[in-house]
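Residues per chain, in single letters:
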Amino acid sequence: MTEQLLFWVFAILTCGGALAVVVTQNVVRMAFWLVVSLGSVAALFFLLHADFLGAAQLLIYVGGTVVLLVFGVMLTASGHTIKVQTTPAETLLGCGVGLLLLCVLVFGINSVEWSDVASRIPKAGDSAAVTDHAEDVRLESAVTSAKSDESRDKAKNAQEAVLARRQSGRTLRQLGLSFFGLRPDRNLNQEAGKPLAPGYLLPFEIISIHLLVVLVGAAYLARAKRRVTPGLEADL
Amino acid sequence: MDGVGLEAYLIVGAVLFVCGIVCMATKRNAIGVLMGVELVLNGANVNFVAFSRFTPLGLDGQATALFVVVLAAAEAAVALAIALNYYNNHLTIDVDRGNELHG
C-alpha cells in the first residue's frame, strides 16, 4: 500500500516535471523542473530496489549534469536569449505529434502480456540479493493457496519470505563485481557445464577512457580564447 | 498483490520519452534541446531498471542504466562546451540561426 502510494506520488512528480519542462519557456525555470523530474526518477529507482543506481542518479544527474546546465544558462543568458519563443503553430504541431507518439507507446505497452514475456526468459542463478519477480509471484500464490488451518504456518512463512525478498535491494556489491567481470548473481550455484555469464569489464574500461577523452575535449572546446592582436604577438 | 506492476513503470518511461522528444523538437534554445535529451535518456533508464526488477534478467538492466547515466553526463559536458563556443561566435543560442557551419 505504501509502495503504491509512493509510486503514484513520484510518478506524477516525474511526469508533471517533464511536462513542465516542455511547457515552460524560461530556461532557468526549465532547469528547476528538470531537477524535480530527475529527482523523482531517482526515487522511482529506489522503489525498484536499485539503491546504488538511485544514489548515482541523484549524485550525477541532479548534482552534476543539472548544475552544468545551469552554468550553461548563466554563461549564455543575456537579456533577449533567456526567452527564445517558438511560434504557437510549431508548439501545436509538436504537441500533436507528441500525443500521437504517446498513444502509440501506451497502446503498445498495454497490448503485450508482460508476465508471459518474463516467464519465457531463462532464469538467472539463485541469489537472495537479486530481486526476482517470478519468485515473488510463486511465493504469493503459496500465500493465497494456503487456506486450510494446518498450512497457515506455511503461509505465514511464505509471507515473511515475500517481505524479506521485497526489502532486499542491496545491489552495490553485485554491480561492483560485475564491473570487474565477475557475476556472482548469475554464476553462483550454477551447474558445472554451463558457460559463465559475461561481466562488464570491457565496457567499463571503454567508458572510463571515453569519459577522460570527453572531459579533455570539453575543456579544450570551452577554453577562453585569447584575442591575438597583430602588434602584440612578440610579447606572447 | 499490493505492488505496482511493470506496465506502470513503462508508461512513466514512455511519458518521459515523449516529453523529451517534444522538448527537443519545439525548443529553439540549445540548452532546452539538451534538457530534452536528458529526459529521453531518463525515460530509457526507467525502462531498463523496471525490466531488471520485474523480469529474471537480474542486474544487467541496472548495469546498462549506470552506463547510460555516465554517458549522459559526458554528452552534457561536450554539448555545453559546443553551446558556449556557438554563443561566443553568434551571440545567441537560438538553434535556428545555426545554419552556417562553414568557416
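The following refers to the structure shown. (Residues numbered from 1 in each chain as written. Chains lettered and ligands numbered in written order. Predicted model: local features only at pLDDT ≥ 70, side-chain atom pairs only at ≥ 80, totals over all residues.)

## Notes on the overall build of chain A
Next up, step 1: Within chain A, the regular secondary structure consists of 10 helices and 0 strands.
Next up, step 2: For chain A, the proportion of its 236 residues judged to be buried stands at 22%.
Next up, step 3: Restricting to contacts in chain A with at least 6 residues of sequence separation, those with at least 24 account for 50%. (Helix = DSSP H or I, 4+ residues; strand = E, 2+ residues; numbered from the N terminus. Buried ≥ 20, exposed ≤ 12 C-beta atoms within 10 Å, placed from the backbone. Contact = placed C-beta atoms within 7 Å.)

## Some remarks on the overall build of chain B
Next up, step 1: Along its length, chain B carries 3 helices and 0 strands.
Next up, step 2: Along chain B, helices and strands appear, N-terminal first, in the series α-α-α.
Next up, step 3: Along the first, second and third principal axes, the C-alpha set of chain B runs to 60 × 25 × 20 Å.
Next up, step 4: Here chain B, with 103 residues, has 57% of them falling under the buried criterion.

## Considering the packing of helix H2 (residues 27-47) of chain A against helix H3 (residues 51-76) of chain A
Two numbers describe a pair of packed helices, the interaxial angle and the distance between the axes.
Residues and elements named next belong to chain A.
Next up, step 1: The N-to-C vectors of H2 and H3 enclose an angle of 175°; their axes lie 8 Å apart at closest approach. It follows that H2 is roughly antiparallel to H3 by the angle criterion. When H2 is examined against H3, the residues Val 27, Val 28, Ala 31, Leu 34, Val 35, Leu 38, Gly 39, Val 41, Ala 42, Phe 45 and Phe 46 are found in contact with a partner set consisting of Asp 51, Leu 53, Gly 54, Gln 57, Leu 58, Tyr 61, Val 62, Val 66, Leu 69, Val 70 and Val 73.
Next up, step 2: In terms of residue class, the contact of H2 with H3 is built from 18 nonpolar, 3 polar and 1 charged. (Axes fitted to C-alpha atoms, helices over the stretch in contact; angles between N-to-C directions. Parallel < 35°, antiparallel > 145°, perpendicular 65-115°, else oblique. Nonpolar A, V, L, I, M, F, W, Y, C, P; charged D, E, K, R; others polar.)

## Section: unusual backbone geometry
Next up, step 1: Even without a glycine there, the phi angle at His 49 of chain A is positive, about 65°.
Next up, step 2: Looking at the secondary structure, you find His 49 of chain A in the loop between H2 and H3.

## So, the packing of helix H1 (residues 2-23) of chain A against helix H1 (residues 6-26) of chain B
Next up, step 1: It is at 8 Å that the axes of H1 of chain A and H1 of chain B come closest, and there the two elements cross at 10°. Taken together, the axes of H1 of chain A and H1 of chain B lie roughly parallel to each other. Counting all contacts with H1 of chain A, which are made through Phe 7, Ala 11, Thr 14, Cys 15, Ala 18, Leu 19, Val 21 and Val 22 of chain A, the residues of H1 of chain B involved are Ala 8, Val 12, Val 15, Leu 16, Cys 19, Val 22 and Cys 23 of chain B.
Next up, step 2: Taken together, the residues of the contact of H1 of chain A with H1 of chain B sort by class into 14 nonpolar, 1 polar and no charged.

## Focus on the interface of chain B and chain A
Next up, step 1: On the side of chain A, 77 residues touch chain B, which itself brings 62 residues to the contact.
Next up, step 2: Mapped onto the side of chain B that touches chain A, the elements with two or more residues apiece are H1, helix H2 (30-54) and helix H3 (60-90) of chain B.
Next up, step 3: Here the element with the most residues in the side of chain B that touches chain A is H3 of chain B; it accounts for 20 residues.
Next up, step 4: Of the residues that constitute the side of chain B that touches chain A, the class distribution is 46 nonpolar, 10 polar and 6 charged.

## Quick notes on H2 of chain B
Next up, step 1: Under the 1.5 Å per step criterion, the end-to-end length of H2 of chain B is 37 Å for 25 residues, consistent within 8% with the ideal 36 Å.
Next up, step 2: Counting buried residues in H2 of chain B gives 21 out of 25 residues, a clear majority hidden from the surface. (Expected span 1.5 Å × (residues − 1).)

## A word on H3 of chain A
Residues separated by three or four positions in an α-helix point in the same direction, a consequence of the helix having 3.6 residues per turn.
Next up, step 1: Between its terminal C-alpha atoms H3 of chain A stretches 36 Å, which fits the 38 Å expected from 26 residues at 1.5 Å a residue.
Next up, step 2: Maximal helix bending in H3 of chain A amounts to about 25°, located at Tyr 61 of chain A.
Next up, step 3: Turning to H3 of chain A, its buried residues are Leu 53, Gly 54, Gln 57, Tyr 61, Thr 65, Val 66, Leu 69, Gly 72, Val 73 and Thr 76 of chain A.
Next up, step 4: In this structure, the buried residues of H3 of chain A make contact with H2 of chain A together with H2 and H3 of chain B. (Bend = angle between axes of the 7 residues up to and from the residue.)

## Side note on the nonpolar core
Next up, step 1: Residues Val 21 of chain A together with Cys 19, Ile 31, Met 35, Val 49 and Ala 50 of chain B are the most contacted members of the largest nonpolar core, which totals 65 residues.
Next up, step 2: Counting only elements with at least two residues in this core, the list comes to H1, H2, H3 and helix H10 (201-221) of chain A together with H1, H2 and H3 of chain B.
Next up, step 3: Broken down by element, this core gets its largest block of residues, 13 residues, from H1 of chain B.
Next up, step 4: Setting aside residues up to four positions removed in sequence, Ile 31 of chain B forms contacts with Val 27, Leu 69, Gly 72 and Val 73 of chain A together with Ala 83 and Ile 93 of chain B. (Core = buried A, V, L, I, M, F, W, Y, C linked by C-beta atoms within 7 Å.)

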